[in-house]
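Here's the letter readout for the chains.
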Amino acid sequence: TREVEMIRKNLPNMLTLANLAMGVLAILVASSTGKFSISQPGEDINLVYYSCLCVMAAAMFDRFDGKLARKLNVASELGKQLDSLCDLISFGVAPAVIAWKLHFAYASLFLPFGRLAGFLLAVLFPIAGAIRLARFNLQEDATCFYGIPITLAGSLLTLLNLLHTFLFLKGRFGLVNIVVCMVLMVALSFFMVSKIQVRKI
């Protein structure tokens, strides 16, 4: 029937929008945290953990929307553009917001200008991701990527956020963790906008 066909055509886009929903939820959950300290992390640190899980859920939806579109033979330009817009939120903005809340909101306690550096890095990361996605959408060669995908960069940053959340809970979070996050965000931003070729799997 027409309704069934409509659902079949839009099922991959529903997964893409689920990706977006998880990304927005990650931002909202991370942003709702109050002030916490290593000595008294409180319940709010759990919200950082949940926001990381939301990004990982977004990665699962992103992994299967394209595969489903090709399997159902309903791949479209709309789906491609929608996927990029959703990826920017879920793997560009959301991991950067989580990193800001966990590492940089109180970085000035450990580093001079740490808070300012955190602001700059939290802006730099999604900007690099946006450039990477825009370049990918204009790319004609479908056999490889140029620069690492934002989904990979965002997932790696989220894994670091997740690891450092556990260390925070154990009272083992400090200057080293902030510096490691800074270095990783700079490196991932560079690799996203680089000309490094990554073979498409």
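Sequence positions are assigned chain by chain, starting from 1 and proceeding in written order. Owing to the predicted nature of the model, reporting of local features is limited to residues with pLDDT of at least 70; listing and counting of side-chain atom pairs is limited to 80 or more, with chain, interface and lining totals taken over all residues. The side-chain values count all of the structure's non-hydrogen atoms but skip hydrogen atoms and water molecules.

Just to check I follow, could you spell out the overall build of the protein chain for this structure?
The helix and strand labels rest on DSSP assignments: H or I over at least four residues marks a helix, E over at least two residues marks a strand, and numbering proceeds from the N terminus. Assigned secondary structure in the protein chain consists of six helices and two strands. Secondary structure of the protein chain in N-to-C order comes out as α-α-α-α-β-α-α-β. Between the two quantities, the radius of gyration covers C-alpha atoms and the globule rule is 2.2 Å times the number of residues to the power 0.38. What you see for the protein chain is a C-alpha radius of gyration of 18 Å, in line with the 17 Å of a compact globule of 201 residues. In terms of principal-axis extent, the alpha carbons of the protein chain reach across some 60 × 40 × 20 Å.

Just checking my understanding: could you explain the state of the cysteines for this structure?
Here, disulfide denotes a covalent bond that connects the sulfur atoms of two cysteines. Two cysteine sulfurs form what is called a disulfide whenever their separation falls within 2.5 Å. Throughout the structure, instances matching the rule amount to zero disulfides. Between C86, a cysteine without a disulfide, and C54, which holds the nearest cysteine sulfur, the sulfur-to-sulfur distance is 15 Å. Note on C181: no disulfide assigned, nearest cysteine sulfur contributed by C52 at a separation of 10 Å. The buried category is assigned to C181, whose relative accessible area is 0%. Each residue is assigned to one of three classes by its accessible area relative to the maximum for its type, calculated with a 1.4 Å probe on protein chains only: buried under 20%, partly exposed between the two thresholds, exposed over 50%.

Quick question: what am I supposed to make of the packing of aromatic side chains here?
Pairs of aromatic rings are described using the distance from one ring centre to the other and the angle between the two planes. Stacked, tilted and edge-to-face are the three classes applied to pairs of Phe, Tyr and Trp rings, where Trp contributes its six-membered ring and a pair requires centres within 6.5 Å; stacked means planes under 30 degrees apart, edge-to-face means over 60, and tilted covers the rest. One pass over the full model with this rule turns up five aromatic pairs. With a centroid separation of 5.6 Å and 55° between ring planes, the pair formed by Y49 and Y50 is classed as tilted. Among the residues examined, Y50 registers a relative accessible area of 44% and is labelled partly exposed. Aromatic ring contacts, followed pair by pair, group Y49, Y50 and F166 into a single cluster. We call a charge positioned over a ring when the NZ of a Lys or the CZ of an Arg lies within 6 Å of the ring centre and within 35 degrees of the ring normal. The ring of F136 has K80 sitting right over it, with the charged end atom 5.8 Å from the ring centre.

What am I meant to see in the confidence of the model for the protein chain here?
Detailed reading of the predicted coordinates is not advisable wherever pLDDT falls low. Confidence scores per residue from the predictor, reported as pLDDT, run from 0 to 100. Chain-level statistics for the protein chain give a pLDDT mean of 87 and a share of 94% at 70 or above. Mean pLDDT across the elements of the protein chain ranges from a minimum in strand β2 (residues 197-199), with 77, to a maximum in helix α6 (residues 175-193), with 95.

Looking at this structure, I do not really get unusual backbone geometry. What am I missing?
Most peptide bonds adopt trans geometry, and most residues besides glycine take a negative phi value. Even without being glycine, F113 reaches a positive phi, approximately 60°. Looking at where F113 falls in the secondary structure, it is placed in the loop between α3 (77-104) and α4 (114-138). The exposure class assigned to F113 is exposed, which follows from its relative accessible area of 68%.

What should I look at first to understand the packing of α3 against helix α5 (residues 150-169) in this one?
When two helices pack together, their arrangement is given by the angle between the helix axes and by the axis-to-axis distance. Relative orientation of the contacting elements α3 and α5 amounts to 25°, with a least axis distance of 9 Å. Classified by the angle between their axes, α3 and α5 sit roughly parallel to one another. Remark: the crossing between α3 and α5 carries left-handed chirality. Within the contact between the two elements, α3 uses D87, L88, F91, G92, P95, A96, I98, A99, L102 and H103 and α5 uses I150, T151, G154, S155, L157, T158, N161, H164, T165 and F168. Among the residues making up the contact of α3 with α5, the classes are represented as ten nonpolar, nine polar and one charged. To obtain each axis, a line is fitted to C-alpha atoms, and for helices this fit is confined to the stretch in contact; angles are then taken between N-to-C directions over 0 to 180 degrees. Note on angle classes: values under 35 degrees are labelled roughly parallel, values over 145 roughly antiparallel, values of 65 to 115 roughly perpendicular, and the remainder oblique. Handedness of each helix crossing follows the sense of rotation of the near helix against the far helix: counterclockwise by less than a right angle gives left-handed, clockwise gives right-handed. Any two residues whose heavy atoms approach within 4.5 Å are treated as being in contact. In this classification, Asp, Glu, Lys and Arg are treated as charged, Ala, Val, Leu, Ile, Met, Phe, Trp, Tyr, Cys and Pro as nonpolar, and every other residue, Gly included, as polar.

Looking at this model, I keep getting lost on the nonpolar core. Mind explaining?
Across soluble globular proteins, you tend to see nonpolar side chains buried next to one another. Grouped together as the largest cluster of nonpolar side chains are 39 residues, with contacts concentrated most on F104, F125, L157, C181, M185 and M192. Contributing elements (two or more residues each) for this core: α1 (2-31), α2 (44-71), α3, α4, α5 and α6. Here this core gets nine residues from one element, more than from any other, and that element is α3. Apart from residues no more than four positions distant in its own chain, F104 is found in contact with A99, R115, G118, L121, I178, C181, M182 and M185. Side-chain atoms within 4.5 Å link the members of a nonpolar core, which is a set of buried Ala, Val, Leu, Ile, Met, Phe, Trp, Tyr and Cys residues.

What is the right way to look at the packing of α3 against α4 in this model?
Packing of α3 against α4 leaves a shortest axis separation of 9 Å and a crossing angle of 165°. As the angle between them shows, α3 and α4 are arranged roughly antiparallel. Considering the relative orientation of α3 and α4, their crossing is right-handed. Contacts between α3 and α4 involve K80, Q81, S84, D87, L88, F91, G92, V93, P95, A96, W100 and F104 from the first element and R115, G118, F119, L121, A122, F125, P126, G129, A130, L133, F136 and N137 from the second. When its residues are assigned to classes, the contact of α3 with α4 shows 15 nonpolar, six polar and three charged.

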